[in-house]
Amino acid sequence: MADTATRHRPDGPGPVPPSAHHDPRPAAAGAFSPKALVAAVPSALRKLDPRLMVKQPVMFTVLVGSLLTTAYCLADPGVFTVAVTLWLWATVLFANLAEAVAEGRGKAQADTLRRARRESMARLLRGGAESEVPATDLTAGDLVVCEAGDAIPGDGDVVEGVASVDESAVTGESAPVIRESGGDRSAVTGGTVVLSDRIVVRITAEPGSTFLDRMIALVEGAQRQKTPNEIALNALLASLSVCFLLAVVTLQPFAIWSGGRLDVPVLVALLVCLIPTTIGALLSSIGIAGMDRLVLRNVLAMSGRAVEAAGNITTLLLDKTGTITLGDRRAHEVLPVADAGREELMAAAHLSSLADGTPEGRSIVALCGPPAGARDRQEGAVPVPFSAESRMSGMDLPGGRCVRKGAASAVRIWVQRQGGRWPADATDLVDRISGAGGTPLVVAESGEGTARVLGVVHLKDVVKPGLRERFAQLRAMGIRTVMITGDNQRTAAAIADEAGVDDFLAEATPQDKLDLIRREQEGGRMVAMTGDGTNDAPALAQADVGVAMNSGTTAAKEAGNMVDLDSDPTKLIEIVRIGKQLLITRGALTTFSIANDVAKYFAIIPAMFAAIPGYGGLEALDVMGLSSPQSAILSAVVFNALVIVALVPLALRGVRHRASAPAAMLRRNLLVYGLGGLVTPFIGIKLIDVLISSIPGLV
Ligand SMILES: Nc1ncnc2c1ncn2[C@@H]1O[C@H](COP(=O)(O)OP(=O)(O)OP(=O)(O)O)[C@@H](O)[C@H]1O
Ligand SMILES: [K+]
Ligand SMILES: [Mg+2]
């Protein structure tokens, strides 16, 4: 019941969070402190390992350059060479620091999560007997008992019982949630604590690969893989570096031809200034920071690719029960048709639900059942379990009598196929319940060569609060919302209207959900899907962004590429914003980096050649008036390194994202970061040059 949408972050426009709310995670969203920088130094040094560096072609080039100049230094130490060498090493280190700082923020979150993964004992159930074993010994398939006060020893599905569970260790939310067998709320997470009642859990995760383990690896960045976009950008940066390498190497023949000679440190310095070191250094930090921003909003993204895709989402599909509604569908009343009695209907509804382990089925037993023990399961009866395909459940009794309950359209076909009649007032009852947003389950029986409808059970569910405004926000962002449900047309229409979605698809089977996503994708649209049920799993896997509700089943969580710990279907608003911001930040810093390099080329080449006699032609281009060629080169190297540090906060915090049209946004960013990138080196290098030349004896 508590697993609701009332858990928006405080900054969201949603309902105010409960006062008991606490979040174990550090709240410093975009924080970047000098302390964090110092703490990241050891990790930055470890990242100097060439096996790691080689994955970043631009920074690897700088590393090779640094090694070359260091060797040159050892042979012929001069003030200029040593200074250039030191600043080249600083460049590599700054890049590693940027990544280490980004990762460091996740480490704090991981530490908090690790505390939840503390060693506990499990009450293993085997052959009817209970025994105590360490939680780490559990393997998939084991059954464990958890009672009030017990920490759930591993991930699994509740196979027996209902309990309220404190999931704050994982979600940061202290309001208890209900976990029960049979339905879409059966998944439990290791490390969470049972508050009341007794449940039996079937362990689904092998030791070491639990949800918490994966979450820790995720926030620590251990599982981070380059996204296709990052790989493409890296390839572009690498080929740019090769071009500049050729440009720099061909300078030497020119210099020799005009009677001069360029030293190795000068060539390396020039190369490092020209290759796109800024974006090369910050690329992975930008990606890590994006994942991090999601974690702070209680969303776990399993892949960076999903975060990027989120930035381009145009359609959001939502499952109804458990996603748009609280998912607490319960029998509310029974309505017999004219030619059936109320008692008769109650008895049949009860019988059809005796073996139905879904929450819906259990609620019918509770509503229609006589006092405990009065009517037990019949010998030889064959249960017919509910499936999303048949949309019915029931029981086949030994004497040939069968009872069924289910969606009106499904039961109608079942009755008519056996020669039964569909009474007109059944349609009226179904319509009345559906019109009010309820789910009607028609109850029917068959035997002796015919079948008949007995009446309708009204299942009631509640729409999560605050959805309408949030869906309007999605609409304003250009995202169409479509609700998909296995429920009938009228119920779907009523709930769709109440929740404020743009469109809906009713009576959808899991295959229909999948087909709808494929159709949207074929039209070139990027599709997000949010769902909680096992029957949503194929659709969650097919969608570009599949957000599973944390309240949902293990299958749903495994299938999607994100899990929302708050089970808030409108969380996509934040996810899209963060995705867009990630793409914009990367674009802006790439623009800045390349513009910067072009400007540096024009700032230092003339100064370098001005020193070579007979190359006077370039003097006219030497607009900077730098004090000496050596000072020009050293200033450029220093500037190049400092720019990385200066932009770390921006890479981590992200470029501010405005809700303007994408084209206007692109124009603005090109102007700010392109023009800014062109101008800053001239100012920066000049300032550093003035400073350097004022130090006597340096260059
Ligand atoms: N336990 C049950 N026994 C018989 N019929 C059921 C049972 N539960 C649901 N139904 C019927 O089957 C239909 C599909 O249910 P299901 O839970 O698969 O929907 P769904 O596809 O998950 O959609 P949503 O979750 O959005 O409602 C329901 O609308 C209802 O008519
Ligand atoms: K550079
Ligand atoms: Mg469902």
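Bear in mind that the values here come from a model prediction, so they are computed numbers and not experimental data. Counting starts from 1 at the beginning of each chain's written sequence and moves along it residue by residue. Starting at A for chains and at 1 for ligands, labels are handed out in the order in which the entities are written. Per-residue local features of the predicted model are confined to residues with pLDDT of at least 70, and side-chain atom pairs are confined, for both listing and counting, to 80 or more; whole-chain, interface and lining totals are unaffected and use all residues. As a rule here, side-chain values cover all heavy atoms of the structure and leave hydrogens and water aside.

Things to note about the sheet that holds strand β14 (residues 392-396)
By way of backbone hydrogen bonds, the strands of a sheet pair with one another, either parallel or antiparallel. Think of it this way: DSSP has to see at least two bridges between two strands before they count as a pair. Secondary structure follows DSSP: runs of H or I at least 4 residues long count as helices, runs of E at least 2 residues long count as strands, and numbering of each begins at the N terminus. Within the open sheet, the 6 strands sit side by side as β12-β17-β16-β15-β14-β13. Their pairing is antiparallel. Every interior strand has two partners, whereas the edge strands, β12 (330-336) and β13 (382-384), have only one. For this sheet the average axis-to-axis angle between neighbouring strands, irrespective of direction, equals 20°. In the sheet, β12 pairs with strand β17 (residues 450-460) via 6 bridges, with the strands oriented antiparallel. Here an axis means a line fitted to C-alpha atoms, over the contact stretch when the element is a helix, while the angle between two N-to-C directions is reported on a 0 to 180 degree scale.

Details of empty space enclosed by the protein
Using a grid of 1 Å spacing that covers the protein atoms alone, one calls a set of points a cavity when a 1.4 Å probe fits there but cannot get out, and a pocket when the set is open and has protein on both sides within 12 Å along at least five of seven lines; lining residues are those with an atom within 4 Å of a point. Grid points are joined across faces, edges and corners, and a volume is the space filled by probe spheres set on the points. Considering all chains together, one arrives at 1 cavity of 30 Å³ or more under this definition. When its volume is computed, the largest cavity comes out at roughly 50 Å³. Lining of the largest cavity is provided by Arg224, Thr227, Glu230, Gly287, Gly290, Met291, Gly304, Val307, Glu308, Leu582 and Arg586. Elements with a minimum of two residues in the lining of the largest cavity: α11 (277-296), α12 (304-310) and α23 (572-610).

Some details on the coordination of the potassium ion (ligand 2)
Distances decide who is a donor: an N, O or S atom must be within 2.8 Å of the metal, or within 3.2 Å for Na, K and Ca. Water is not included, so sites may look incomplete. The coordination sphere of the potassium ion (ligand 2) contains the protein donors Val272 (O), Cys273 (O), Ile275 (O), Thr277 (OG1), Asp597 (OD) and Asn640 (OD1), at a distance range of 2.3 to 2.9 Å. Note that the potassium ion (ligand 2) binds 6 donor atoms; their angles at the metal cover 67 to 163°, and the shape is irregular. Tetrahedral means four donors with every angle between 85 and 135 degrees, whereas square planar (four donors) and octahedral (six donors) require angles over 155 degrees between opposite donors and between 65 and 115 for all others; sites fitting neither are termed irregular.

Focus on the UniProt feature "active site" (unreviewed entry) in the protein
UniProt positions are given in the numbering used here, feature names are shortened, and annotations may be inferred rather than shown by experiment. Under the feature "active site" (unreviewed entry), the UniProt entry names Asp319. Within the secondary structure, aspartate 319 is located in strand β11 (residues 315-319). Note on classification: 1.4 Å probe, protein chains only; a residue is buried when its accessible area is under 20% of the maximum for its type, exposed when over 50%, partly exposed between these limits. Given a relative accessible area of 5%, aspartate 319 falls into the buried group. Whether two residues touch is decided by their heavy atoms; if any such pair falls within 4.5 Å, the residues are in contact. If we ignore the near neighbours within four places in the chain, the residues touching aspartate 319 are Ile324, Ile484, Lys513, Met529, Thr530, Gly531, Asp532 and Asp536.

Side note on the site of ligand 1
Every one of the 22 residues lining ligand 1 counts as a neighbour, but Asp319, Lys320, Thr321, Ser393 and Asp487 are closest to it. In the analysis that follows, any N or O atom pair within 3.5 Å is treated as a polar contact, provided that within protein one partner can donate a hydrogen and the other can accept it, and provided that, for residues neighboring in sequence, both atoms belong to side chains. In this structure, a nitrogen atom belonging to ligand 1 sits 2.8 Å away from a side-chain N or O atom of aspartate 356. The way we define it, a molecule is inside a pocket or cavity when more than half of its atoms are within 2 Å of that pocket's grid points. Judged by the proximity of its atoms to the pocket grid, ligand 1 belongs to the largest pocket. Listing elements by their share of the shell around ligand 1, those giving two or more residues are α13 (320-324), β14, β15 (402-406) and β16 (439-447). In this count, Pro and Cys sit with the nonpolar residues alongside Ala, Val, Leu, Ile, Met, Phe, Trp and Tyr, while Asp, Glu, Lys and Arg are called charged and the others, Gly among them, polar. In the shell around ligand 1, the residues fall into 6 nonpolar, 8 polar and 8 charged. For this purpose, a residue is taken to be near a molecule or strand whenever a single non-hydrogen atom of the residue falls within 4 Å of it.

What to know about the pattern of salt bridges
Each salt bridge in this description consists of a side-chain nitrogen of Lys or Arg and a carboxyl oxygen of Asp or Glu lying within 4 Å of one another. Throughout the structure, instances matching the rule amount to 35 salt bridges. A salt bridge links aspartate 142 to arginine 126; the shortest N-O distance between them is 3.4 Å. Of this pair, aspartate 142 sits in the loop between β2 (129-134) and β3 (143-147) while arginine 126 sits in strand β1 (residues 121-126), and the two are 16 residues apart along the sequence. In this structure aspartate 142 comes out as buried when scored by relative accessible area, which is 10%. For lysine 320, the salt bridge is made with aspartate 487, and the minimal N-O distance between the two is 2.8 Å. Of this pair, lysine 320 sits in helix α13 while aspartate 487 sits in the loop between β18 (480-484) and α19 (489-499), and the two are 167 residues apart along the sequence. Where salt bridges share partners, they join Glu180, Arg185, Asp328, Arg330 and Arg362 into one cluster.

Some remarks on the sheet that holds strand β8 (residues 193-196)
Read across the sheet, 3 strands follow the order β6-β5-β8 without closing on themselves; strand pairing throughout is antiparallel. Edge positions in the open sheet fall to β6 (177-180) and β8, since each of these has one partner strand only. Strand after strand, the sheet turns through a mean of 50° between neighbouring axes, direction not considered.

As for the state of the cysteines
Whenever a pair of cysteine sulfur atoms sits within 2.5 Å, that pair is classed as a disulfide. For the structure shown, the criterion picks out 0 disulfides. For cysteine 243, which is in no disulfide, the shortest distance to another cysteine sulfur is to cysteine 273 and amounts to 17 Å.

Focus: the UniProt feature "binding site: ATP" (unreviewed entry) in the protein
With numbering matched to this structure, UniProt assigns "binding site: ATP" (unreviewed entry) to Asp356, Glu360, Phe386, Ser387, Ala388, Glu389, Ser390, Arg391, Met392, Ser393 and Lys405. Annotated residues from the preceding list that form part of the lining of the largest pocket: these are Asp356, Glu360, Phe386, Ser387, Ala388, Arg391, Met392, Ser393 and Lys405. Topologically, serine 387 is positioned in the loop between β13 and β14. Serine 387 sits in the partly exposed class, given a relative accessible area of 27%. Here arginine 391 is to be found in the loop between β13 and β14. The exposure class of arginine 391 is buried, given its relative accessible area of 17%. Ignoring sequence-local partners within four residues, the contact set of arginine 391 consists of Phe386, Lys405, Gly406, Ala407, Ser409, Ala410, Gly486 and Glu507.

Brief notes about the packing of helix α10 (residues 264-274) against helix α24 (residues 629-653)
For the pair α10 and α24, the least separation of the axes is 9 Å and the interaxial angle reads 40°. The pairing of α10 with α24 is recorded here as oblique in orientation. For the pair α10 and α24, the crossing hand works out as left-handed. Taken together, the residues of α24 that come into contact with α10 (itself represented by Val266, Ala269, Val272 and Cys273) are Ile633, Ala636, Val637 and Asn640. The residue makeup of the contact of α10 with α24, split by class, is 7 nonpolar, 1 polar and no charged. In these notes the angle categories are as follows: under 35 degrees is roughly parallel, over 145 is roughly antiparallel, 65 to 115 is roughly perpendicular, and the rest is oblique. For any pair of crossing helices, the crossing counts as left-handed if the nearer helix is rotated counterclockwise from the farther one by less than a right angle, and right-handed if it is rotated clockwise.

Side note on the nonpolar core
One broad trend across soluble globular proteins is that nonpolar side chains are buried collectively. In this structure, Ile324, Val545, Met562 and Leu572 are the most contacted members of the largest nonpolar core, which totals 109 residues. Those residues in contact with isoleucine 324 that lie beyond four places of it in its chain are Leu318, Asp319, Val463, Lys464, Leu467, Met483, Ile495, Ala499 and Val501. Among buried residues, the Ala, Val, Leu, Ile, Met, Phe, Trp, Tyr and Cys ones that are joined through side-chain atoms within 4.5 Å form a nonpolar core. Residues Ala340, Ala381, Leu397 and Val403 belong to the second largest nonpolar core, which totals 39 residues.

Looking at the side chain of glutamine 581
By secondary structure assignment, the location of glutamine 581 is in helix α23. Leaving out residues up to four positions away in the same chain, glutamine 581 has contacts with Arg293, Arg653, Gly654, Val655, Arg656 and His657.

A short note on the layout of surface pockets
When its volume is computed, the largest pocket comes out at roughly 940 Å³. The wall of the largest pocket is formed by 46 residues, among which Asp184, Arg329, Glu360, Phe386 and Asn535 lie closest to the centre. Looking at the lining of the largest pocket, the elements with two or more residues in it are β4 (156-160), α13, α15 (359-368), β14, β15, β16 and α20 (510-522).

Considering helix α7 (residues 211-219)
A large share of α7 lies buried, amounting to 8 of its 9 residues. Three or more residues of α7 are buried, namely Phe211, Leu212, Asp213, Met215, Ile216, Ala217, Leu218 and Val219.

Overview of the packing of helix α17 (residues 424-435) against α19
Relative to each other, α17 and α19 sit at 20°, their axes nearing to 7 Å. In terms of orientation, α17 and α19 fall into the roughly parallel class. With respect to the hand of their crossing, α17 and α19 are arranged in right-handed fashion. For the pair formed by α17 and α19, the contact residues are Asp431, Ser434 and Gly435 on the first element and Arg490, Thr491 and Ala494 on the second. Here the residues of the contact of α17 with α19 sort into 1 nonpolar, 3 polar and 2 charged.

Remarks on the environment of glycine 106
One can find glycine 106 in helix α5 (residues 79-116). Separated by 29 residues in the primary sequence, glycine 106 and proline 77 place their C-alpha atoms 42 Å from one another. Beyond its immediate chain neighbours, meaning those up to four positions away, glycine 106 contacts Val219 and Asp292.

Looking at a nonpolar patch on the surface
Note that patches include only residues with greater than 30% relative accessible area and no salt bridge, and the join distances are 9 Å for like charges and 5 Å for nonpolar side chains (Val, Leu, Ile, Met, Phe, Trp, Tyr). For the accessible areas, the method is Shrake-Rupley and the probe is 1.4 Å, while residue cover comes only from the protein chains on display. Taken together, the side chains of Val598, Phe602, Leu671, Val672, Leu675, Leu678, Val679, Ile683 and Leu687 present a nonpolar region at the surface, about 840 Å² in accessible area. Counting residues per element, the ones that place at least two in the nonpolar patch are α23 and α25 (662-693). For the nonpolar patch, the element with the most residues is α25, which contributes 7 residues. Relative to the elements of secondary structure, valine 672 occurs in helix α25.

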